[in-house]
Structure formats: structure tokens, C-alpha cells
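Residue strings, one per chain:
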Amino acid sequence: MSDADKDPWARFRTATRARIALGRSGDALPTKALLEFQLAHARARDAVHSAVDFDRLASDLSPLETLRVHSAAPDRPTYLRRPDLGRRLDPASAAALPSGEWDLLFVIADGLSAAAVQVNAAPLVQACVARLRHLRIGPVVLAGQARVALGDEVASAMGARLVALLVGERPGLSAAESLGAYLTWDPKPGRADSERNCISNIHSDGLSIQTAAEKLCWLATEAARLKLTGVALKEDAPSLAGPDNQKNQLAGQ
Amino acid sequence: MAGYHCDLGRQRHRFDDLKAVMACASPRRSGDELAGIAADSDERRVAARMVLADLPLKIFLAEALVPYETDEVTRLIIDSHDAEAFWPVAHMTVGQFRDWLLSYQADTAALTALAPGLTPEMAAAVSKLMRNHDLVCVAAKCSVVTRFRTTVGLPGRLSSRLQPNHPTDDPTGIAASTLDGLLYGIGDAVIGINPATDNVPACIALLEMLDAVRTRFDIPVQSCVLAHVTTTIQAIERGAPVDLVFQSIAGTEKANAGFGVTLPLLAEAQEAAKALKRGTIGDNVMYFETGQGSALSADAHFGVDQQTVETRAYAVARAFDPLLVNTVVGFIGPEYLYDAKQITRAGLEDHFCAKLLGVPMGCDACYTNHAEADQDDMDVLMTMLATAGVNFLIAVPGADDVMLNYQSLSYHDVLGLRHLLKRPPAPEFEAWLEKAGWLDEQRRLPPWPDQSLVVSALLGSAAR
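Keep in mind that what you see is a predicted model, and the values were worked out from it rather than measured. (Residues numbered from 1 in each chain as written. Chains lettered and ligands numbered in written order. Predicted model: local features only at pLDDT ≥ 70, side-chain atom pairs only at ≥ 80, totals over all residues. Heavy atoms only, no water.)

A word on the overall build of chain B
Step number 1: The number of helices and strands found in chain B is 22 helices and 15 strands.
Step number 2: Overall, the C-alpha framework of chain B stretches about 75 × 45 × 45 Å when taken along its three principal axes.
Step number 3: Counting the 464 residues in chain B, one finds 65% classified as buried.
Step number 4: When contacts within chain B are restricted to residue pairs at least 6 apart in sequence, long-range pairs at least 24 apart make up 78% of them.
Step number 5: Of the roughly 15,600 Å² of accessible surface on chain B, 53% is carried by carbon and sulfur atoms.
Step number 6: Across chain B, the centroid of the 38 positively charged side chains sits 4 Å from that of the 58 negatively charged ones. (Helix = DSSP H or I, 4+ residues; strand = E, 2+ residues; numbered from the N terminus. Buried < 20%, exposed > 50% of the residue type's maximum accessible area, 1.4 Å probe, protein only. Contact = heavy atoms within 4.5 Å. Areas by Shrake-Rupley, 256 points an atom, 1.4 Å probe, with all protein chains shown as cover. Lys, Arg positive; Asp, Glu negative; His and termini not counted. Charge placed at Lys NZ, Arg CZ, Asp CG, Glu CD.)

Describing the interface of chain B and chain A
Step number 1: Taken together, the contacts link 69 residues of chain B with 50 residues of chain A.
Step number 2: Between chain B and chain A, the buried area comes to about 4,900 Å², and carbon and sulfur atoms account for 56% of it.
Step number 3: Considering only the side of chain B, the residues that lose the most area to chain A are Asn369, His370 and His412 of chain B, jointly responsible for 14% of the buried surface there.
Step number 4: Between Glu33 of chain B and Arg81 of chain A there is a salt bridge, with the nearest N and O atoms lying 3.9 Å from each other.
Step number 5: For the interface between chain B and chain A, the tally reads 13 residue pairs in polar contact (both at pLDDT 80 or more).
Step number 6: Elements that contribute at least two residues to the side of chain B that touches chain A include exactly helix 2 (30-34), helix 11 (171-182), strand 8 (245-248), strand 9 (286-290), helix 16 (294-297), strand 14 (406-407), helix 20 (411-421) and helix 22 (453-463) of chain B.
Step number 7: Sort the elements by how many residues they give to the side of chain B that touches chain A and helix 11 of chain B lands first, with six residues.
Step number 8: A per-class count over the side of chain B that touches chain A returns 32 nonpolar, 25 polar and twelve charged. (Buried area = accessible area lost by both parts, 1.4 Å probe. Salt bridge = Lys/Arg side-chain N within 4 Å of Asp/Glu carboxyl O. Polar contact = N/O pair within 3.5 Å; in protein donor to acceptor, adjacent residues only side chain to side chain. Nonpolar A, V, L, I, M, F, W, Y, C, P; charged D, E, K, R; others polar.)

Thoughts on the nonpolar core
Step number 1: Residues Leu52, Phe97, Tyr287, Phe352, Leu356 and Leu393 of chain B are the most contacted members of the largest nonpolar core, which totals 168 residues.
Step number 2: Among the elements that line this core, the one with the most residues is helix 12 (residues 200-217) of chain B, at nine residues.
Step number 3: Those residues in contact with Leu52 of chain B that lie beyond four places of it in its chain are Val21, Met22, Ala25, Phe60, Val94, Ala125, Lys128 and Leu129 of chain B.
Step number 4: Formed by 41 residues, the second largest nonpolar core is a distinct cluster that contains Val125, Ala127, Leu179 and Cys217 of chain A. (Core = buried A, V, L, I, M, F, W, Y, C linked by side-chain atoms within 4.5 Å.)

Let's talk about the UniProt feature "binding site: adenosylcob(III)alamin" (unreviewed entry) in chain B
Residue and element names in this part refer to chain B.
Step number 1: The sites that UniProt annotates as "binding site: adenosylcob(III)alamin" (unreviewed entry) are Pro195, Gln247, Ser297 and Met403.
Step number 2: Residue placement: Pro195 occurs in the loop between strand 6 (190-193) and helix 12.
Step number 3: Since its relative accessible area comes to 8%, Pro195 is described here as buried.
Step number 4: Other than its neighbours up to four places away in sequence, Pro195 contacts Asp169, Leu206, Val225, Leu226, Ala227 and Met403. (UniProt positions renumbered as here; feature names shortened; annotations may be inferred.)

Brief notes about the pattern of salt bridges
Here the idea is simple: oppositely charged side chains can pair when their charged atoms come close.
Step number 1: Considering all chains together, one arrives at 39 salt bridges over all chains under this definition.
Step number 2: Ionic pairing is found between Arg191 of chain A and Asp186 of chain A, a salt bridge with its closest N-O pair at 3.2 Å.
Step number 3: Take Asp186 of chain A: its relative accessible area is 36%, and that puts it in the partly exposed class.
Step number 4: Across the pair Arg149 of chain B and Asp243 of chain B runs a salt bridge whose closest N-O atoms are separated by 2.7 Å. Linking Arg149 of chain B in the loop between strand 3 (146-147) and strand 4 (151-152) with Asp243 of chain B in the loop between helix 13 (229-237) and strand 8, this pair joins segments that are 94 residues apart in sequence.
Step number 5: A relative accessible area of 0% means that Asp243 of chain B is categorised as buried.

Points about the sheet that holds strand 6 (residues 196-202) of chain A
Residue and element names in this part refer to chain A.
Step number 1: Across the sheet, which stays open at both edges, the six strands sit in the order 1-3-2-4-5-6 with mixed pairing between neighbours. The two strands at the open ends of the sheet, each matched to only one other strand, are strand 1 (66-70) and strand 6. Across the sheet, the mean angle from the axis of one strand to that of its neighbour is 20 degrees, orientation sign disregarded.
Step number 2: Both strand 2 (residues 105-109) and strand 4 (residues 162-168) contribute to a ladder of five bridges, which runs parallel. Opposite Ile108, over in strand 4, you have Leu166 as the bridge partner.
Step number 3: On the sheet, helix 4 (residues 54-61) packs against strand 1, strand 2 and strand 3 (140-144) and is oriented at approximately 165 degrees with respect to strand 3. (Pairing = 2+ DSSP bridges. Axes fitted to C-alpha atoms, helices over the stretch in contact; angles between N-to-C directions.)

Section: the packing of helix 7 (residues 94-102) of chain B against helix 10 (residues 132-141) of chain B
Describing two packed helices takes the angle between their axes plus the distance from one axis to the other.
All names here are of chain B.
Step number 1: Two numbers describe how helix 7 lies on helix 10: the axes approach to 9 Å, and their chain directions differ by 60 degrees. When the axes of helix 7 and helix 10 are compared, the pair comes out oblique. Together, Arg98, Leu101 and Leu102 of helix 7 and Asp134, Val138 and Lys141 of helix 10 make up the contact between the two elements.
Step number 2: Per-class residue counts for the contact of helix 7 with helix 10 are three nonpolar, no polar and three charged. (Parallel < 35°, antiparallel > 145°, perpendicular 65-115°, else oblique.)

Here we look at the UniProt feature "binding site: substrate" (unreviewed entry) in chain B
All names here are of chain B.
Step number 1: The feature "binding site: substrate" (unreviewed entry), as annotated in UniProt, sits at Arg161, Leu162, Gln163, Asn194, Glu289 and Asp364 in this numbering.
Step number 2: Within the structure, the side chain of Gln163 is placed 3.2 Å from the side chain of Arg161, a separation counted as a polar contact.
Step number 3: Within the element layout of this structure, Asp364 appears in the loop between strand 11 (361-363) and helix 19 (375-387).
Step number 4: The class for Asp364 is buried, based on a relative accessible area of 0%.

Some points on the UniProt feature "binding site: adenosylcob(III)alamin" (unreviewed entry) in chain A
All names here are of chain A.
Step number 1: When the UniProt feature table is mapped onto this chain, "binding site: adenosylcob(III)alamin" (unreviewed entry) is found at Val148, Glu169 and Cys198. The greatest C-alpha distance among the annotated residues, which extend across 51 residues, is 11.7 Å, indicating that they converge on a single site.
Step number 2: When you line up the elements, Glu169 lands in the loop between strand 4 and strand 5 (179-185).
Step number 3: With near-sequence residues (within four places) excluded, Glu169 lies in contact with Leu112, Ser113, Ser178, Leu179, Gly180, Ser200 and Asn201.
Step number 4: Inspection of the secondary structure puts Cys198 in strand 6.
Step number 5: Exposure remark for Cys198: the relative accessible area of 27% places this residue in the partly exposed category.

Now the structure itself:
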């Protein structure tokens, strides 16, 4: 009996992580498949609702200098209901920001996955900094209850010409630790998503830290040279276009 | 503007205009709170409903919530209104209209005749006075039947979309999910892929693959790659096997502009697909998706509550005789629908309003991982929707969409519902299942072992 006879799905399973050929208990899921689904969902929810340990993140980033900010969303339930608050700084954070002559600023936002930020953000920043010695890079800003657009306000207040915002992406069942990176030239409040370049799906089963760092550094160097980010920059690097991860274009940032 | 009020004890609740009455009468939901238009107390919510119940239905013909002059969706709604069809309910208040809808007089024939006489705002208004069970009972009396290669929406049947998405559009991966779904009898509404990359060659490659599967097994189904409408029009121009044209739509001109569409563009797409004459039993060639919150997220809601704006999208849909429309009810996230209570309610509202307007409504009963919902909640919603006669439900392998990172229903769920509620798939597809020898003596689709002829015939052929 060949392998294909034993499991006719074998060659299909290697082609997709979709939950195919789960078997049936009557019309329902078998117990094993049911519990595996629940475990994956529990992990995804834990990634959304747990907090980033910013002290540990700061020590992982050492010797890079860091500073902390918080969005106008005081807690996670508010953050989830009020995306507008997650895009703005709270007044105390805004008042405490230093300014300087910086080519590039890294902002690390918790976003929707604490796990993604905890695991992937520091290695990505370290890998980028090592490749970007020619740029003046500001202190790494660690932002709590933050969304992508918060980077615009932070970088604008600090006087940086380019901001790379790293954010925990909305977790799926098969990828709860996925990090996204958004690069924005001349950041200021009100920038549209079409004015950014995005690298998504950075995690152990997706885009590796090294590959992501190479792409981000290529984009950052090009952005500084061309003095722009967004659609115009992406056209020169078609291989960097990530999947359109939005069903029917409905999901907002 | 005159304004409205309702006195409850010593409290007078004032509402500046019709939009405010509608927004405050809506059940609590995070999107209206985010927009700053929701009622700020439960009493005020009921006060608004009391005002709404006494307003004449006709007011929605006289007072546009989004200006006629600047919005092509409003112009479509007003210009296509059928006064003769409206006549039987033209004298009613919104509250009287609810009572009539629930009455025995409002049977399938009466509701079918009434549909062209209703505007989305009328449907939205009366839905705000209805409980979930009311929404189920009235929707169950509505019948909207459409055809392409299968007949979707017949009474007593439940169709399904097979959604075999893959994060990199890998053909073997997509084939795996498709074949798995067929073994559960899924796909009689459509086999529809959300492509990972929206460009013409990628779209054509997927269309050709789905068409090859369909013709190889001679399955009476239609396929669709859910790319942007302009991508699909180009695919048609290049000779691709396009059955259905997909597009996301919303309830205002500005929100549709955010999706990159206008009414003339949708008309062009419909004509292009109809000209291919690929439907064997009908020429409903359009497939639309909608969802509460899309207008607000595009900053294009004009102060109208999200459920009413959503309902306006159904006026767009019905102008193009679609085969399928579905709300992606829990997909858009907790800033619009916070938890399972809000998702469930919205799913039932969307289905009811669409059916009342004569739109062939299905549903993606789903949620994201940052919403307060889980598969138990989808069990409730899918059962209520199936009881309400929903045209189709979306299903993915194991309820887990590995491309879009959200949870929908599983193939198991839809099959189980069909058996539980005795609602078989579309007749053409059911006949195919029967001819293939997949059904048992009770006309159920049983689990076939991996070594059975059924499975080896399907997977073996696919290998060649």
C-alpha cells in the first residue's frame, strides 16, 4: 500500500495550512479537531488581550536608547472600540517627547498582538540598525495601546523625516505572533495609508526577521533618496507588495 | 428643521432630525458610538423608537438622510421607487408597518409585490422596532430566487459558498480546500476565492483552475474570484472564464468611491458578464458583499447610523439583479460590532432588510480574534439565519480562513444545519450529489472514508 493509499490527502496537506480533511463525528467536528481549534483561538485571544512587557522589550533593545509613550486610549477595551484614540498620543506623552535631527525613527506599537511585539520587534530593530549605519536614528519609541497612525504624531513632534512603525498584527488562528512594519516619509497627522509602505506577516512561519530587515532597509534607503513613501515607491519594488489581507477591502487600519 | 421629541415622565427626549431619531433608535453598537451618534442611555433609545413608531413611512420619501443632489445612491433610491407597489402600506406609520409585516396578511406574495415599493430607509426603520425573532419570522416569509447554473433561494433549501482561500493563492492548496468542501456538499451558491493578490494574470489563473475543476467533475456550480470589479472586467476582455463579477459595495456614493466603484462601472461589469452567456438556467451574474461599518470607516456615513447606511447598499445591489449578496457581518471588527450580541443582531437585521427589499441575501457568519465572540456564537447566528431562510452561508475548512485570518463557519456546520433543518442544497447540485452516489438512503451526505470510491475518485482525478 503506497502512502497515497493510506492518506489520499497527504500531498494536499503539505500545500496548505487550511484545516482540511478533519474527519467527521456524524456531521460535527471530531473531538481532537474541536480542541485544536479552541487552543488556536485561545492563543489568538491571549495575544490580543495580554500586555507587552515594555521593560523587557527595552532591555532586549539595549544598548539602543528607548522612550515610552501611551496613546489616548487608556485601556484595551477602549482601544478596541475607539481606533481614533489609539492613533493619538495622550497629552502627557506628547509633552514629554524630545526633538532632534533624525533621519529615521523606530516606533514599536503593541497593536493587536502583544506576542508579536515581544518576540519579533527587538530583533527586527537591531537587524535594521546594523544595516543603516549611514542614517541618524532617534531613540526607539515604545507605544502602548497604539495603532499605526500614532507613529505620525510621534515622529512629527520629534522632527524625524522618516518613521518605521512596527505593530502587532491582528492574530489569526495559525499566526498569533505576526508583526507588521509601516514606513512613512514626512510623517504628520492625517497621512493616508496609501502614503505608507507596508511589510506584513513577519513571524517564524512567515517572513523571517532577516528578510524583513533587508526589505525594510531597502525601502528606508529608497524613501530617503526619493523623499517619498507609498504607492510610488512600491511600484519600483513589486516583489515587496504583500498580500491584500483585507476581505473585500472592508477592514480599516 | 422641526425636530422630534418624546416625553417620558418628567424627561423630554429631543431629537434634532430624522437621522438622529434613526441613530438613537438603533440597538447599541460600537460603530454608532464611535461616530458619536448613538443614544447615550437605554431610555433615550426607547424614546427614539417611540418617536419612530409614530412617524409615517412616507416621510422617508420626502426627507432624504443623505442629500439627493450630491449622492447617486440616494438618486437611485428615489428615482427607482415604485409608488404603485408602495400603495398598500403608504398610509401606515412605521409602527403599524411592523404589525402588518408580522400579520398573516403579509404573506410571501404580498411581500414580493411590496419590495419595489420600499426604500432602504423604510426597511431600516421598521427593523429598529423589531426583536431578533421578528426579524427571523418576517424574513422567512420573503422569497428571493436567483439563477445561473444553480437555483439559489428556493424555499426549504440552504445553499453555501465554498471559500477555499490560500495566503499565496497556491493552486494545490486551493484545490485541497475545494475538494474537501465538495465532500461536504458545499459550493452550490458559488465556489469563491478571495485572491491574495489582485491583478489580472493571477485572477485569470485562478478562474481557469476553478473552471477546470467544475468541468472535470461536471458540477453544476458557478465560480468567482473576488477581485476588484475593474480586474474582472479586464479578465473578461482577455477571454477568462468569468461566471460572476464580484464587488464590495456600500450605501453612499462617497463610500463606494472608497471601494473604487460607481453605479455606471457596475452596470458596465454586469453587461460584460451577461454577454458571455455562461449561465445555463439564468443570467444573474453579479455577486456583492456588504457590511455594517464600511461607510464609517471610509468617513462617508454623513451622520447616518451604520445599519441604515448598510441597508442603502442593498438598493445598489438590487439595481443589478445579483445572483448573490452577503453581509460579512463580523469581519470588520469590534470598533463597529463589539461582541457576539451586536454581531448576531446585525446579521439578522442585514438579512431581514435585504430580503424585504427583494435582495438575495446570504451571510458570512464570522468574527475576528479581537471581537468578543467565538464559535458558540456563530452556532446561534447560523441556526437563526437558516431558520429565517437565508439564501446561503459561507463556509471554510474547519471554520478557519488561513488567508484572511478570521473565523467563519466550517463545512461541517453547513452540512449539519442542512441535515438538522431538512434544507438540502440547490436542486441542480443535489441532483449531482445523487447521481454521483454520494447520498445515503435518507438523502443525507454521510462521511465517506478516505479509502472509499467517492474520495479516491475525487482526489485521484484531481491528481492527474
